[in-house]
Amino acid sequence: SKYPSPPIPAKKQRHLRGHVLGCVKNCGITERTPRANTAGTSRHAALPRRNETLRPPCGDSSAAVRRAVRDTRWQPLEVQNYCSFRSFLFFDPTGLGIADDKQGIAVILHTLAILKAINFRDYGLVTVLINADEEVSSAGSRNTLTKLGGEHDAVFSVEGSLVSSDKLSLTTAGIGAVVLNVQGKASHAGSAPENGRNALYELSHQILQTRDLSDPSIGLKMNWTVASAGTNRNVIPAIASATADVRVLRIADYEGIERKVRERIKQQLIPDTKVEMTFERRRPPLELTPANSALAKHAQRVYAELGKELVIGDVAEGGGTDAAFAALKTKAAVIERFGLRGFGAHSSDAEYIDIDSIEPRLYLLARMIMDVSQGKDC
């Protein structure tokens, strides 16, 4: 079924936040909101090690695990006894944000509840990061993500999987942007157009001469997507701007595409116009690593215990992830898509989760935390 999803009123948002924090505390987790470097918010949550009090670190819709010093015997895990998922955070498995990414928060909290219910404490530290500014490139949380990623033995991003494919992703694209601003000179378009310097013409020239910089052989994509110019119909435009979307599979490719664009825009069409360029690295790519591949193979073995096949995506599909910030300063595994299968992200009337994916995905994440904690992930 499809149901329209109007924006959530502020009162209900506060109620939902209180409900989530209540569940966090019920799992024995300490939490705090760290000071961000810029605008944006993320929340820290940490499960303390047995017989030891640890500082509370931080989390996204992702979970990170640090191994315990010792090795202990694996304990049997049953999910169904703790799965009150449908009534926990959602009243309906459809609606705006349900797949991207309310489900991620619910999966993490239920996974922690399972670990508590079976009295599993054989980790060094389990850290949860819930990030509030992911859709605007995580300006306030990216440094925290990178710091915490370097402090743990594995990072599990609980973004959802597609309803059409039961998979984990080992690599995602980096996301950047090229912003061009052109300054010309205004003049009356009817009586004295020759006295103006048409910023729109110059911008069009720049867009056309940089339209062929994509390189499919290395997964580099650059496409102009937004443009604007002028203020009135009868005035030669004095200002114009455009933005291009950039995708890369390797961090090093950011430098190459930026250098090529800067070189091209030196060739101007309209004299006396000024062209300025800004290159933004919004998200790094999550690059394929031996650690990612090895831990993903273990996840496949765990999933096979349920009689299910887990697809491992080792080719980037074009989207980005905040988990890539966690991978910047670590050689440990960082894996994407531990959340539920879903469809219709960012849609107001077509978004939903597959409720049949709840139990297997809870089992998978709980077992991965247990196995990494006990060194049984290889």
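Residues numbered from 1 in each chain as written. Predicted model: local features only at pLDDT ≥ 70, side-chain atom pairs only at ≥ 80, totals over all residues. Heavy atoms only, no water.

(A) Local environment of the layout of surface pockets. Empty space within the second largest pocket amounts to approximately 750 Å³. Elements with a minimum of two residues in the lining of the second largest pocket: α3 (98–117), β6 (161–162), β8 (174–183), β9 (221–229), β10 (239–248), β11 (274–283) and β14 (341–343). It is β10 that provides the largest number of residues to the lining of the second largest pocket, a total of 4 residues. In terms of residue class, the lining of the second largest pocket is built from 12 nonpolar, 14 polar and 11 charged. (1 Å grid on protein atoms, 1.4 Å probe; cavity = no way out; pocket = protein on both sides within 12 Å on 5 of 7 lines; lining within 4 Å. Points joined across faces, edges and corners; volume = space filled by probe spheres on them. Helix = DSSP H or I, 4+ residues; strand = E, 2+ residues; numbered from the N terminus. Nonpolar A, V, L, I, M, F, W, Y, C, P; charged D, E, K, R; others polar.)

(B) Layout of the packing of α3 against helix α9 (residues 358–373). For the pair α3 and α9, interaxial distance at closest approach is 9 Å and the crossing angle is 60°. Looking at the two axes, α3 sits oblique to α9. Relative to α9, α3 is oriented so that their crossing is right-handed. Where α3 approaches α9, its residues V107, H110, T111, I114 and L115 are matched on the opposing element by L362, L365, A366, I369 and M370. When grouped by side-chain class, the residues that make up the contact of α3 with α9 number 8 nonpolar, 2 polar and no charged. (Axes fitted to C-alpha atoms, helices over the stretch in contact; angles between N-to-C directions. Parallel < 35°, antiparallel > 145°, perpendicular 65-115°, else oblique. Left-handed = near helix turned anticlockwise from the far one by under 90°. Contact = heavy atoms within 4.5 Å.)

(C) Examining the pairing of β10 more closely. As paired strands, β8 and β10 are joined by 10 bridges and run antiparallel to one another. Counterpart to V182 in the pairing with β10 is A240. Sheet topology places β9 next to β10; 8 bridges connect them, and they run antiparallel. Bridged to W224 within β10 is A244. (Pairing = 2+ DSSP bridges.)

(D) Layout of the packing of helix α7 (residues 290–304) against α9. One way to put it is that α7 packs onto α9 with a least axis distance of 10 Å and a crossing angle of 130°. Classified by the interaxial angle, the pair formed by α7 and α9 is oblique. Remark: the crossing between α7 and α9 carries right-handed chirality. On α9, the residues that touch L295, H298, A299, V302 and Y303 of α7 are P360, R361, Y363, L364, R367, M368, D371 and V372. For the contact of α7 with α9, the per-class residue count stands at 9 nonpolar, 1 polar and 3 charged.

(E) Quick look at the side chain of D122. Note on placement: D122 falls in the loop between α3 and β4 (123–131). Of the polar contacts made by the side chain of D122, one reaches the side chain of Q374; its length is 3.4 Å. (Polar contact = N/O pair within 3.5 Å; in protein donor to acceptor, adjacent residues only side chain to side chain.)

(F) Inspection of the confidence of the model for the protein at higher detail. This prediction gives the protein a mean pLDDT of 82; 77% of its residues lie at or above 70. Overall, residues 69–91 carries pLDDT values under 50, and its contacts beyond four positions in sequence, including any with other chains, amount to 66 contacts. (pLDDT = per-residue confidence, 0-100.)

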